Amino acid sequence: MAKQEDIFKNVVSHAKEYGFIFPSSEVYDGLSAVYDYAQNGVELKKNIREYWWKAMVQMNDNIVGLDAAILMHPTTWKASGHVDAFNDPLIDNKDSKKRYRADVLIEDYAEKLNQKAIKEIEKARVRFGDAFNEAEFVATNARVVEYKAKEREILERMARSLGNDDLADVKALIEELEIACPESGSRNWTEVKQFNLMFGTKLGASADSAMDLYLRPETAQGIFVNFLNVQKSGRMKVPFGIAQTGKAFRNEIVARQFIFRMREFEQMEMQFFVRPGEEMKHYEFWKEARLKWHLSLGLGRENYRFHDHEKLAHYANAAADIEFNFPFGFKELEGIHSRTDFDLKAHEQYSGRKLQYFDPELNENYVPYVVETSVGLDRMFLAVFATSLKEETLEDGSTRTVLKLPAVLAPTKAAVLPLVKKDGLPEIAHQIIADLKWDFNVAYDEKDAVGRRYRRQDALGTPFCITVDHQTVEDQTVTIRHRDTMKQDRVKIADLKSIIESEVSMRNWLMKM
Ligand code: GAP
């Protein structure tokens, strides 16, 4: 089995064993691509959400928050284009009976070409050492040029075919590339068909009067329909943003890879309303700003890359993904989209109400353009969790499993451990907890030998273990053990708060942006 698959399996089982994520309704054997966040997962998820909210809403004078309802008037989705265009092109393999997204099959093929090019570049880097000129090599090496050209040609053709709704050509491309079913290896494909991803539901008690509704497939539309309410009540001046976090629902067909692609998930979105014609400036700004936010968490620059879209969604004039190096390769983590005035104009048209802004500097009314940043909270969770999970071999040859979460996101910031369950040590530990819990999420643990308790907290990602021993009774000091280095310091109980604060405060982490 490939190593990457092993890592991913570990991630899934660690998440379950240590109370981060369970399959939904597991007593009934679960529900495909739906998950529950358990006692530690819910804390980590909340911390990621707060880290985003702090950076996006509270640190920006011109961005405010919103919490729109999941259920919206059904015309919203007609106007937004989701009823007609929120489709995935699907293809079935006749032998394995497995269903795939045709565009994903093609993109995976193109990514293999990209990986081949990267391999050539890396080989050359080793061969030429310091003298290596990557740009020149990429432009002149016959193999790299060929791989890159083929990759581009395939993606451009797919974008064209999908843009023209030419599904026959999408199938023709799959056949020409000889793409086989990943499950059975067969190339016996059906036609490609469009499939709408929205979940339908009903509003109202009686069958006759019930109104057909959709569960929202993105949080963004709640922001668009409230644009003027927020602008007027908040006296906001363009450019300004509205941000929200919340659930979204998509009937994903290829729902696998754990919480990467779910049917019920959470988004953190921000719509930035700008003057028409100025959108590209803001688009570039937000691309960089969002990457900086990700980098501030310290998961490694090499784990991120931009992917500029060839195939644009129905509402966008420019779009890029921030891709992350998940255990199964680089995949989309966040989207940054220049959505033009598509949504506001469509809501004007369908509602008959004006959704315009009077710009006092220009002395004119216009429908603002919108730059959107949209990141999946669950995908962020997976990125952070999977990258932080490490197996380490220690100096004495033993191993430990440690979840090296960014301390600012860790579910529990400190565990307080009495060395023994007697001699007044538990009482002192409880006093320390009673004080620290006003500022941090802290835990008490007295079961098992202290070494095992350290290991348990390492696996939960707790940055600090505070041990109360007999010396504590004498001089009001404790040992504080750092998760990543396992280094232990003797400190005063009175200093604990500031020691923990300096490593977990959002201020210190966000200052790195
Ligand atoms: N409002 C724009 C929008 O929804 P998107 O690219 O479809 O754009 C934005 O989604 C982000 O939401 C993605 O980058 C991803 O992080 C997350 N996301 C989308 N579908 C998801 C799913 N089925 N499961 C988990 N996260 C998902």
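Residues numbered from 1 in each chain as written. Predicted model: local features only at pLDDT ≥ 70, side-chain atom pairs only at ≥ 80, totals over all residues. Heavy atoms only, no water.

### Points about the overall build of the protein chain
Here is the rule we go by: Here a helix means four or more residues in a row that DSSP labels H or I, a strand means two or more in a row labelled E, and each is numbered from the N terminus. Residues count as neighbours in contact if any of their non-hydrogen atoms are within 4.5 Å of one another. Where accessible areas are quoted, they stem from the Shrake-Rupley method and a 1.4 Å probe; at the residue level, only the protein chains shown are allowed to cover.
Secondary structure assignment for the protein chain yields 18 helices and 23 strands. Once the C-alpha set of the protein chain is aligned to its principal axes, its extents read approximately 80 × 60 × 55 Å. Here the analysis covers contacts within the protein chain between residues at least 6 apart in sequence; of these, 65% occur between residues at least 24 apart. Accessible surface, the protein chain as shown: approximately 25200 Å² in total, 49% of it carbon and sulfur.

### What to know about helix α11 (residues 279-295)
What counts, and what does not: Helices are assigned an expected span. That span is 1.5 Å times one less than the residue count. Exposed residues in this analysis have more than 50% of their type's maximum accessible area, buried residues have under 20%, and partly exposed residues fall in between, with area computed by a 1.4 Å probe over protein chains only.
Its 17 residues give α11 an end-to-end C-alpha distance of 24 Å, which sits within 8% of 24 Å, the value for a rise of 1.5 Å per residue. Buried residues of α11: Glu279, His282, Tyr283, Trp286, Lys287, Ala289, Arg290, Leu291, Trp293 and His294, and no others.

### Considerations on the domain arrangement of the protein chain
Heads up, the condition is: Segment limits for the domains were obtained from an automatic or database-derived domain assignment. Defined here as a combined quantity, buried area equals the accessible surface (1.4 Å probe) lost by two parts on assembly, summed across both. Salt bridges, as used here, are contacts in which a Lys or Arg side-chain nitrogen is within 4 Å of a carboxyl oxygen on Asp or Glu. Counting of polar contacts relies on pairs of N or O atoms within 3.5 Å, with two restrictions inside protein: one atom must be capable of donating a hydrogen and the other of accepting it, and residues adjacent in sequence are counted only when both atoms are side-chain atoms. Only Asp, Glu, Lys and Arg are considered charged in this grouping, and only Ala, Val, Leu, Ile, Met, Phe, Trp, Tyr, Cys and Pro are considered nonpolar; every other residue, Gly among them, is considered polar.
Domain assignment breaks the protein chain into domain 1 (1-71 + 197-391), domain 2 (87-195) and domain 3 (394-510). Computed from C-alpha atoms alone, the centre-to-centre distance between domain 1 and domain 2 is 27 Å. Here domain 1 packs against domain 2, burying approximately 1100 Å² in sum over the two surfaces, 57% of which is carbon and sulfur. Counting across the interface, domain 1 meets domain 2 through two salt bridges. Residues Arg305 and Glu111 are paired through a salt bridge, measuring 3.3 Å at the closest nitrogen-oxygen approach. Our count for the contact surface shared by domain 1 and domain 2 stands at one residue pair in polar contact (both at pLDDT 80 or more). Looking at the side of domain 1 that touches domain 2 residue by residue, the class counts come to three nonpolar, one polar and seven charged.

### Here we look at the sheet that holds strand β13 (residues 329-340)
Strand pairing in a sheet is mediated by backbone hydrogen bonds. Such pairs are either parallel or antiparallel. Keep this limit in mind: What makes two strands pair is DSSP finding at least two bridges between them. Fitting a line to C-alpha atoms yields each axis, with helices limited to the stretch in contact; the angle taken between N-to-C directions then spans 0 to 180 degrees.
Pairing in this open sheet of seven strands is mixed, and the strands run β3-β9-β10-β16-β13-β12-β11 from one edge to the other. Of all strands in the sheet, those with a lone pairing partner are β3 (63-65) and β11 (304-308), marking the two edges. The sheet shows a mean angle of 25° between the axes of neighbouring strands, direction not considered. Bridge count for strand β9 (residues 240-249) against strand β10 (residues 264-274) is 10 bridges, and the pairing is antiparallel. Paired with Ala243 across the bridge in β10 is Met270.

### Section: the pairing of strand β19 (residues 414-418)
Which entries qualify depends on this criterion: Orient the strands so they point away from the viewer, and a crossover whose first-strand-to-second-strand path over the helix runs clockwise is right-handed.
When you tally the buried positions in β19, you get five out of five residues, the bulk of the element. A two-sided burial pattern is seen for β19, the buried positions comprising Ala414, Val416 and Pro418 on one face and Ala415 and Leu417 on the other. Pairing of β19 with strand β20 (residues 442-444), which is carried by three bridges, proceeds in the parallel orientation. The residue bridging Ala414 from the neighbouring strand is Val442, located in β20. Once the chain exits β19 it traverses helix α14 (residues 425-436) before rejoining the sheet at β20, and the crossover so formed is right-handed. With five bridges connecting them, β19 and strand β21 (residues 464-468) associate as parallel partners. Directly across from Val416, in β21, lies its bridge partner Ile466.

### Focus: the pairing of strand β16 (residues 369-376)
Counting buried positions along β16 gives eight out of eight residues, so the element sits mostly inside the fold. Residues Tyr369, Val371, Thr373 and Val375 of β16 are buried on one face, and the alternating residues Val370, Glu372, Ser374 and Gly376, pointing to the opposite face, are buried as well. Judged from the eight bridges that link them, β10 and β16 form a sheet pairing that is antiparallel. Within the sheet, the bridge partner assigned to Phe272 lies in β16 and is Val371.

### A word on the site of the ligand
Put simply, the test is: If even one non-hydrogen atom of a residue comes within 4 Å of a molecule or strand, that residue is called near it.
Near the ligand you find 22 residues, and of these Glu218, Met262, Glu269, Glu332 and Leu333 are the closest. In this structure, a nitrogen atom belonging to the ligand sits 2.6 Å away from a side-chain N or O atom of Glu218. Here a nitrogen atom of the ligand sits 3.3 Å away from a polar atom, N or O, in the side chain of Arg339. For the ligand, whose free accessible area comes to 560 Å², the fraction covered by protein is 93%. Contributing elements (two or more residues each) for the shell around the ligand: β10, β13 and β16. The element that contributes the greatest number of residues to the shell around the ligand is β13, accounting for six residues.

### Digging into the packing of aromatic side chains
For the record, the criterion: For Phe, Tyr and Trp, where Trp contributes only its six-membered ring, two rings pair if their centres lie within 6.5 Å, and the inter-plane angle classes them as stacked under 30 degrees, edge-to-face over 60, or tilted in between. The rule is short: NZ of Lys or CZ of Arg within 6 Å of the ring centre and within 35 degrees of the ring normal puts a charge over the ring.
If you walk through the whole model with that rule in mind, you get 23 aromatic pairs. Each ring, one from Tyr304 and one from Phe324, has its centre 5.1 Å from the other, and the planes form 70°; the classification is edge-to-face. One end of the pair, Tyr304, is in strand β11; the other, Phe324, is in strand β12 (residues 318-326), and 20 residues separate them in sequence. This pair shows no difference in class: Tyr304 is buried, exactly as Phe324 is. Judged by centre distance (5.5 Å) and plane angle (5°), the ring pair of Phe326 and Phe328 falls under stacked. For Phe326, a relative accessible area of 1% corresponds to the buried category. According to the relative accessible area criterion, Phe328 is buried, its value standing at 19%. Put simply, the rings of Phe8, Tyr35, Phe258, Phe260, Tyr304, Phe324, Phe326 and Phe328 pair up and form one aromatic cluster. For the cation-ring pair, Arg481 lies above Tyr454, with the distance from its terminal atom to the ring centre recorded as 4.5 Å.

### Description of a nonpolar patch on the surface
To be explicit about the condition: For patch building, the residue pool is restricted to those with more than 30% relative accessible area and no salt bridge; the joining distance is 9 Å between like charges and 5 Å between nonpolar side chains (Val, Leu, Ile, Met, Phe, Trp, Tyr).
Taken together, the side chains of Leu71, Leu203 and Met211 make up a nonpolar region of the molecular surface, amounting to roughly 240 Å² of accessible area. When you line up the elements, Met211 lands in strand β8 (residues 211-214). According to the relative accessible area criterion, Met211 is partly exposed, its value standing at 31%.

### A look at the nonpolar core
Where we set the bar: Here, nonpolar core refers to any group of buried Ala, Val, Leu, Ile, Met, Phe, Trp, Tyr and Cys residues whose side-chain atoms link them within 4.5 Å.
Ranked by size, the top nonpolar core spans 81 residues in total, and within it Phe20, Trp286, Met380, Phe381, Leu382 and Ile466 carry the most contacts. Among the elements that line this core, the one with the most residues is helix α13 (residues 377-388), at eight residues. When we break this core down by domain, the ones giving at least three residues each are domain 1 (1-71 + 197-391) and domain 3 (394-510). In this structure, Phe381 is in contact with Phe20, Ile21, Tyr37, Gly41, Leu44, Lys45, Ile48 and Ile259, ignoring residues within four places of it in sequence. The next biggest cluster of nonpolar side chains, apart from the first, holds 27 residues, and it includes Ala117, Val144, Leu177 and Trp189.

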